Amino acid sequence: MTAINAATGGARPALRHRLAERGIDRQLLLLIPAALFVLILFIYPFLYGVGLSFQPTEGGALGAYREFFTDAYLRDTILTTLQLSLPAALLNVLASVPIAYRMRGRFRGKRLLTTLLVVPITLGTVLTAQGLLNFLGPTGWFNRTLLSSGLADAPVRLTNNYWGVFFSLVITGFPFAFLLVLSYLSGIDPTLERAAATLGAGRWQRFRRITLPLLAPGLATTFCLTFVLAFSVFPSAVLVGDPSGTTRVMSIAAYDAAYVRYDYPLASAVAVLMGVVELLVIAAVLGWRALLYTGSTAGGKG
Amino acid sequence: MTAAATSRASTPATRPGHFETLRLDGVSRSFGGQAALADLDLTIRRGEFIALLGPSGCGKSTALNCLAGLLPLTRGSIWQDETRLDVLPPERRGFGMVFQNYALFPHLPVRKNIAFGLQMRRVPRAEIRRRVDEALRLVHLEEHAGKLPGQLSGGQQQRVAIARAVVLEPSLVLMDEPLSNLDAKLRLEMRTEIRRLHQSLGLTTVYVTHDQEEALSLADRLVVLRAGRVQQIGTPEELHTEPANWHVADFMGYRNLLPVRAGARQGAGITVEIEGQELTGTPVGDPAPGSEVIAGIRPEDLRIGPAGSTGVPATVEVVEYQGREVAVEARTDGGIPLNLRAVDRPAVGDRITVTVEPRRLLVFPADAR
Ligand SMILES: Nc1ncnc2c1ncn2[C@@H]1O[C@H](COP(=O)(O)OP(=O)(O)OP(=O)(O)O)[C@@H](O)[C@H]1O
Ligand SMILES: [Mg+2]
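Here is what the cut-offs are and how they apply
Residues numbered from 1 in each chain as written. Chains lettered and ligands numbered in written order. Predicted model: local features only at pLDDT ≥ 70, side-chain atom pairs only at ≥ 80, totals over all residues. Heavy atoms only, no water. Patch = residues over 30% accessible without salt bridge, like charges linked within 9 Å, V, L, I, M, F, W, Y side chains within 5 Å. Areas by Shrake-Rupley, 256 points an atom, 1.4 Å probe, with all protein chains shown as cover. Salt bridge = Lys/Arg side-chain N within 4 Å of Asp/Glu carboxyl O. Helix = DSSP H or I, 4+ residues; strand = E, 2+ residues; numbered from the N terminus. Phe/Tyr/Trp six-rings, centres within 6.5 Å; stacked < 30°, edge-to-face > 60°. Buried < 20%, exposed > 50% of the residue type's maximum accessible area, 1.4 Å probe, protein only. Lys NZ or Arg CZ within 6 Å of the ring centre and 35° of its normal. Pairing = 2+ DSSP bridges. Axes fitted to C-alpha atoms, helices over the stretch in contact; angles between N-to-C directions. Near = heavy atom within 4 Å. Polar contact = N/O pair within 3.5 Å; in protein donor to acceptor, adjacent residues only side chain to side chain. Nonpolar A, V, L, I, M, F, W, Y, C, P; charged D, E, K, R; others polar. UniProt positions renumbered as here; feature names shortened; annotations may be inferred. Contact = heavy atoms within 4.5 Å. Buried area = accessible area lost by both parts, 1.4 Å probe. Domains from an automatic or database assignment. Disulfide = S-S within 2.5 Å.

Engineer: Just to check I follow, could you spell out a nonpolar patch on the surface for this structure?
Structural biologist: Residues Leu29, Ile32, Leu36, Phe37, Val38, Leu39, Ile40, Leu41, Phe42, Ile43, Phe46 and Leu47 of chain A make up a contiguous nonpolar surface patch of about 1200 Å² in total accessible area. Structurally, Phe46 of chain A is set in helix α3 (residues 32-53).

So, in structure tokens, the structure goes:
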């Protein structure tokens, strides 16, 4: 009798173990309320919007999309948005790398410097835009200095055009990129570079051959995140940009369609297309990332 | 004119020649006013195997990093023959280093890890290939050449780290506790392997360890450190038979260190009194008669005397099987614990008489440092 029990016990392990073998943890059930919340707040409106974009008042199911791609004023917003967000995201990532690289060790005043670099996050886009207008505007300090020092005859136009939005994207996006890159960098075992040094690698070689390859996947992720942040730019495109011309980004087009022309299907179509473009860029970056080494960044066991 | 010869001739700065002596002159390093290494004087001759030995935190890694150029010195200098070395960055010193955690490049396969240093020295491709193959064969990793470090076992990673350091034929190989992460059996195997490589490649090696057995079996000379200061430098035999003070003795397996009072001088010897027994020992470092001293004796130099012989009476407390012999811990009637070896296995609770060979009893001043 006991033998049989033991045998069946061996053949049928506890339910928890069987679930665990399939990667199911019953505690995951606790996530259900949160999952429902996400479903109601995010996925439902998303699906509703997608559905709406296929129900324009005229032109059949794809009418709104056809309108978007035939109207140059709408179609060009894709290029405008990419022209702003891709260089801004790239600059944010590329500028973070050397600064974070210099700051990865411990030194006096590191916390203060990090705090200063992170302040723009807390400011928000509108305050940044106001600051930019005050500083870089036609009568701002920057231009006044240029004029009074005789370096320029007329004010340099740096706001209410492409550059205003670009600066704003860099100011708000850089701290995110910097913090992410810094944390990726501190995850790389510092003895690896020391080992490379004893093998004869100079400063640049150590960075190029050891740190950069280990950092690259993190840079790809950072690029994707700052790109997404920059892509949906709206406030600064309006406030420090040229919202009817060179900085008419996709979100402005969507806003126009929805609240100026009351064409909700078209607005939804623009929103869906924004998502599609973002996904294409991210897929390309992550595809490149998949080619890289993405394993552990430690130098050995133990 | 072969490719190898040209590369040697064209890059003299990145390929420092082998030295005759490497001199450490008062090398010191402090961290925030706290001395981690103080006044290390040491001359390393070409072909020597030096072990830096000491307890955890005594400054062994600090000394090694100072040698490698990974830590700037606070004071002192390092000379390679007549060239001053401590002003050079690590990449210009031409030393090979094996790190405690191996520090293998996780994104490069084994072959590229080993080739890294050769590539940095711009060695021609064909020669890199040949030398990497040779290094792989040397550490028996031919089949694993294409794997990433993460796919190797600890012992295999260890061997990659050694191969990566020695493939450059460095003038000095530095090893920081390279065996500490391995299991006991592998540790013994790799120990032999390291000694074999040292001899067959004609290397000069500085080896850091806290394991006295490892140090004694590997090294030509040992440097014993304690709290950043050199306690003694000598051959394994010298350290084993003539430890300079009781700290070194402690490290060299003198498990019985008894605080006692010194008696009078007797010729070359000095008497101490243990449990009412007057014993004569060899003084080390001039212990004053009548002062507090420490009597040091190895477990293997204490014997169980025949019944009725003169010696210290004690009671057996613990018996540990150790193969050919047993290790016995006994306690004297006065409560002093003694570690000794015995061939016949005594039973716990047995009354025994412990005798000591006078020449093997060392008497150290108590406050020696
Ligand atoms: N970066 C550092 N900052 C401050 N103190 C340090 C630093 N590195 C080492 N120390 C101190 O210097 C002393 C010597 O350290 P070291 O690493 O050389 O010891 P070790 O002999 O290698 O020990 P272990 O056998 O545990 O590796 C220690 O007391 C340690 O606390
Ligand atoms: Mg150490």
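Engineer: In this structure, what is going on with the packing of aromatic side chains? I would like to understand it.
Structural biologist: We describe a pair of aromatic rings using the distance from one ring centre to the other and the angle between the two ring planes. Residues and elements named next belong to chain A. Enumeration over the complete set of coordinates arrives at 19 aromatic pairs over all chains. With centroids separated by 5.9 Å and ring planes inclined at 15°, the aromatic side chains of Tyr162 and Phe166 adopt a geometry described as stacked. In this pair, Tyr162 and Phe166 are both assigned in helix α8 (residues 162-186), four residues apart and thus about one turn of the helix distant. Since its relative accessible area comes to 21%, Tyr162 is described here as partly exposed. An angle of 50° between the planes, with centres 5.4 Å apart, marks the rings of Phe227 and Phe231 as tilted. Of this pair, Phe227 and Phe231 both sit in helix α10 (residues 203-231), four residues apart, which is roughly one turn of that helix. Considered together, Phe227 and Phe231 belong to a single accessibility category, that of buried residues. Of the aromatic side chains, those joined through ring pairs into one cluster are Tyr162, Trp163, Phe166 and Phe167. We note Arg104 situated over the ring of Tyr101; from NZ or CZ to the ring centre the distance is 4.0 Å.

Engineer: Can you walk me through the sheet that holds strand β12 (residues 269-274) of chain B in this structure?
Structural biologist: Consider a sheet: its strands pair through backbone hydrogen bonds, and that pairing is either parallel or antiparallel. Residue and element names in this part refer to chain B. Spatial strand order, β11-β12-β13-β20-β14: five strands in a closed barrel with mixed pairing. Going across the sheet, the axis of each strand differs from the next one's by a mean of 55°, ignoring polarity. With two bridges connecting them, strand β13 (residues 277-283) and strand β20 (residues 362-365) associate as parallel partners. From the neighbouring strand, Pro283 faces β20, where its bridge partner is Val363.

Engineer: Explain the site of ligand 1 to me, please; I cannot follow it from the model alone.
Structural biologist: Residues and elements named next belong to chain B. If you check the shell around ligand 1, you find Phe31, Ala36, Ser56, Gly57, Cys58, Gly59, Lys60, Ser61, Thr62 and Glu177 and nothing else. The contact in question runs from an oxygen atom of ligand 1 to an N or O atom on the side chain of Ser61, over 2.6 Å. No other element matches the three residues that helix α2 (residues 60-68) contributes to the shell around ligand 1. Residues that form the shell around ligand 1 fall into these classes: three nonpolar, five polar and two charged.

Engineer: Explanation requested: the UniProt feature "transmembrane region" (unreviewed entry) in chain A in the structure shown.
Structural biologist: Mapped onto the present numbering, the UniProt feature "transmembrane region" (unreviewed entry) falls on residues 28-47, 78-101, 113-142, 162-185, 212-234 and 266-288 of chain A. The span residues 266-288 of chain A is 100% helix and 0% strand, and its two end C-alpha atoms sit 33 Å from each other.

Engineer: So what exactly am I meant to see when it comes to the interface of chain A and chain B here?
Structural biologist: Interfaces are frequently sized by the accessible area removed from exposure as the parts join. Facing 26 residues of chain A, the contacting portion of chain B comprises 29 residues. Both sides of the chain A and chain B interface together cover about 2300 Å² of buried area, and 61% of this is carbon and sulfur. Our count for the chain A to chain B interface comes out at one salt bridge. Between Arg206 of chain A and Glu91 of chain B there is a salt bridge whose closest N-O contact spans 3.3 Å. Where chain A meets chain B, there are seven residue pairs in polar contact (both at pLDDT 80 or more). Elements represented by at least two residues in the side of chain A that touches chain B include exactly α9 (190-198) and α10 of chain A. Residue classes in the side of chain A that touches chain B are distributed as eleven nonpolar, nine polar and six charged.

Engineer: Sorry if this is basic, but what is going on with the domain arrangement of chain B here?
Structural biologist: Assigned domains within chain B: domain 1 (2-241) and domain 2 (255-365). Look at where the C-alpha atoms of domain 1 of chain B and domain 2 of chain B centre, and you get two points 41 Å apart.

Engineer: What should I look at first to understand the state of the cysteines in this one?
Structural biologist: Each disulfide consists of one covalent bond between the sulfur atoms belonging to two cysteines. All names here are of chain B. A full pass over the atoms with the stated rule returns zero disulfides over all chains. Its sulfur unpaired, Cys58 is 13 Å from the next cysteine sulfur, which belongs to Cys66. Its relative accessible area of 2% is what places Cys58 among the buried residues.

Engineer: Help me understand unusual backbone geometry in this model?
Structural biologist: Residues and elements named next belong to chain B. Notably, Tyr102 is not glycine yet its phi reads approximately 75°, a positive angle. For Tyr102, the location among the structural elements is in the loop between β6 (95-98) and α3 (110-120). If you check the backbone angles, Asp286 has positive phi at about 55° while not being a glycine.

Engineer: Explain the sheet that holds strand β3 (residues 49-53) of chain B here, please?
Structural biologist: Residues and elements named next belong to chain B. The strand order across the open sheet built from six strands is β6-β7-β8-β3-β9-β10, with neighbouring strands paired in mixed fashion. The two strands at the open ends of the sheet, each matched to only one other strand, are β6 and β10 (229-234). Neighbour-to-neighbour, the strand axes of this sheet turn through a mean angle of 15°, independent of strand direction. Relative to β10, strand β9 (residues 221-226) is paired through five bridges, and the arrangement is antiparallel. The residue of β10 that forms the bridge with Leu225 is Val230. The sheet contacts of α2 involve β3, β6, β7 (172-176), β8 (205-209) and β9, and relative to β7 the element is tilted by about 150°. On top of the sheet, helix α5 (residues 154-166) reaches β6 and β7; it is set at about 175° to β6, its chief contact.

Engineer: Just checking my understanding: could you explain the pairing of β20 of chain B for this structure?
Structural biologist: Two faces make up the sheet, and in a regular strand the side chains alternate between them. Residues and elements named next belong to chain B. Residues of β20 alternate between two faces, with Leu362 and Phe364 on one and Val363 and Pro365 on the opposite face, all of them buried. Relative to β20, strand β14 (residues 292-297) runs antiparallel, the two sharing four bridges. By the bridge assignment for β20, Gly296 is matched with Leu362.

Engineer: Quick question: what am I supposed to make of the UniProt feature "domain: ABC transmembrane type-1" (unreviewed entry) in chain A here?
Structural biologist: Sequence positions flagged by UniProt for "domain: ABC transmembrane type-1" (unreviewed entry) are, in local numbering, residues 78-285 of chain A. As a span, residues 78-285 of chain A carries 77% helix and 0% strand, and end to end its C-alpha atoms are 18 Å apart.

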